[in-house]
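The residues making up each chain are set out below.
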Amino acid sequence: MSDSATPANPVTFPPAFLWGAATSAYQIEGAVREDGRTPSIWDTFSHTPGKTAGGDTGDVAVDHYHRYRDDVAMMAGLNLQAYRFSVSWSRVQPTGRGPAVQRGLDFYRKLVDELLEKGIKPAVTLYHWDLPQELEDAGGWPERDTAYRFAEYAQIVGEALGDRVESWMTLNEPWCSAFLGYASGVHAPGRTDPAAALKAAHHLNLAHGLATRALRSVMPVRNQISLSLNTSVVRPLNPDDPADLAAARKIDDLSGGIFHGPILHGAYPETLLEATSSVTDWSCIQDGDLDTIHQPIDALGLNYYTPTLVSAADPDDKGPRADGHGASEHSPWPAADDVAFHQSPGEQTEMGWSVDPTGLHELIMRYHRDAPGLPLYITENGAAYDDKPDADGKVHDPERVAYLHGHLSAVRRAIADGADVRGYFLWSLMDNFEWAYGYEKRFGAVYVDYVSQKRTPKSSALWYARAAKAGALPDPEGI
């Protein structure tokens, strides 16, 4: 984007900037046994005692499957221009292979039609962590065949919705799928095998490339294909210490380079391959894989919540690993036992994550430099706070308003600095099932009473609605 196209006002965004919100299927839909849907790994995991806070599951979640029309009307009332949602693989293709269940596809057809009728642009994510359980039973993401099954599923959904949906994301945060699911075990399927996690990462990359090809074969050329990465913004505790710099490089490779290396540049970082050689020989990489993964994409989604602060580990320090990704005796960082994680300074959210908008600006500018000419979208950004209705039933969340104002200001600064950021998707539209944290953590701009399922827009939703309508940031003190 040229400087001439960038508004001079520091709170005003380009006219075409897209204001959206995001959710994912297992976190909001419920209806886990309806219309042919079969269990995903998150159904199995959440029903396993001790895996989620309070034994919570997504069986009902916020009942979006039955309330989607009201939810879309609510989105329209909040001036949303786009809605990013994910498709439940096991609702569309219950065994992860074979023909589609049309009743499952019909739900997404109806959802898309409802969005378009209200003037809201649908943005589809094909995979947000809910692998069909039958595919996990066959080996899951560490098994190469899963990537080919994903491409078949992508083609099914692309054929069904590609005439009406222009924005497509193959994967959401493959780092979480690979490393929280197969290394630390704090996410489904709950395995703790570092070598399997690295294989999973490669096969997720392969799945992205295969799915991109499959989608292009069945959809109009106007459609945009991307994926969402949650590359860590890694900072060394002591920037002048070579050991801390090496620790930061290792975590940067494991969080970002392992995905954007092959996807954007056609190769894994040599430093990653060397650092993980004690865990795997990377024989899972077959001839032609890197070419398949390195498909041209139309945009890149970036998810950001908080920076990561690391140093070289003290061999005598046996304390817990404070990396912000849940408690486990097993690390999500293969071959990184020599890295220590530290709490970043400053205000924290209910997740214990520091509030630091400078990290979002840093992330955007990194990809602006590393992938020049590639449009960027912020596909997730938000915060969990301990939200409660007041005596009048209203939900005031000034902390979230300040969080959104600060991070959207960082996006605006990045645009002024030349980055081609075309939209922002607030995480999340409404309170929902927050994975292993169950219903304890509320990320929503809309409050959900989980008993009555009543939706109440919080102050942050009203503030964001004003921002979306004006294309500019309102005073955070004005709500």
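For every chain, the first residue of its written sequence is number 1, and the numbers climb from 1 along that sequence. In keeping with the model being predicted, local features are shown solely for residues with a pLDDT of at least 70 and side-chain atom pairs are shown and tallied solely at 80 or more, while totals for entire chains, interfaces and linings include all residues. Based on all heavy atoms of the structure, the side-chain values leave hydrogens and waters out of the count.

1. Considering the nonpolar core
Threshold: What we call a nonpolar core is a set of buried Ala, Val, Leu, Ile, Met, Phe, Trp, Tyr and Cys residues that are connected through their side-chain atoms within 4.5 Å. Residue burial is assigned from relative accessible area. The probe radius is 1.4 Å, only protein chains are included, and a residue is buried under 20% of its type maximum, exposed over 50%, and partly exposed in between. Numbering of helices and strands starts at the N terminus; helices are DSSP runs of H or I of at least 4 residues and strands are runs of E of at least 2. Working rule for contacts: check all heavy atoms of both residues, and any pair within 4.5 Å makes them a contact.
Ranked by size, the top nonpolar core spans 152 residues in total, and within it W141, F150, F179, L300, I364 and V411 carry the most contacts. Here the element with the most residues in this core is helix 9 (residues 194–218); it accounts for 10 residues. Residues contacting V411, with those up to four places away along its chain left out, are F13, F17, L360, I364, I378, V421 and Y424.

2. Some thoughts on the sheet that holds strand 6 (residues 234–236)
Defined as follows: Two strands are counted as paired when DSSP detects at least two bridges linking them. With axes taken as lines fitted to C-alpha atoms, and helix axes fitted only over the stretch in contact, angles between N-to-C directions fall between 0 and 180 degrees.
Within the open sheet, the three strands sit side by side as 6-8-9. Their pairing is mixed. The open sheet has two edge strands with one neighbour each: strand 6 and strand 9 (339–342). In this sheet, adjacent strand axes meet at a mean angle of 40° when their direction is disregarded. Of the strands in this sheet, strand 6, strand 8 (308–312) and strand 9 are in contact with helix 10 (residues 242–265), which crosses strand 8 at around 130°.

3. Considering the pairing of strand 3 (residues 121–127)
Of all seven residues that make up strand 3, six are buried, and the element is covered over most of its length. Pairing of strand 2 (residues 82–86) with strand 3 involves five bridges; the strand directions are parallel. Bridge assignment links Y83 to a residue of strand 3, and that residue is P122. Sheet analysis places strand 3 next to strand 4 (residues 167–172), joined by four bridges and oriented parallel. When the sheet's bridge partners are listed, A123 is paired in strand 4 with S167.

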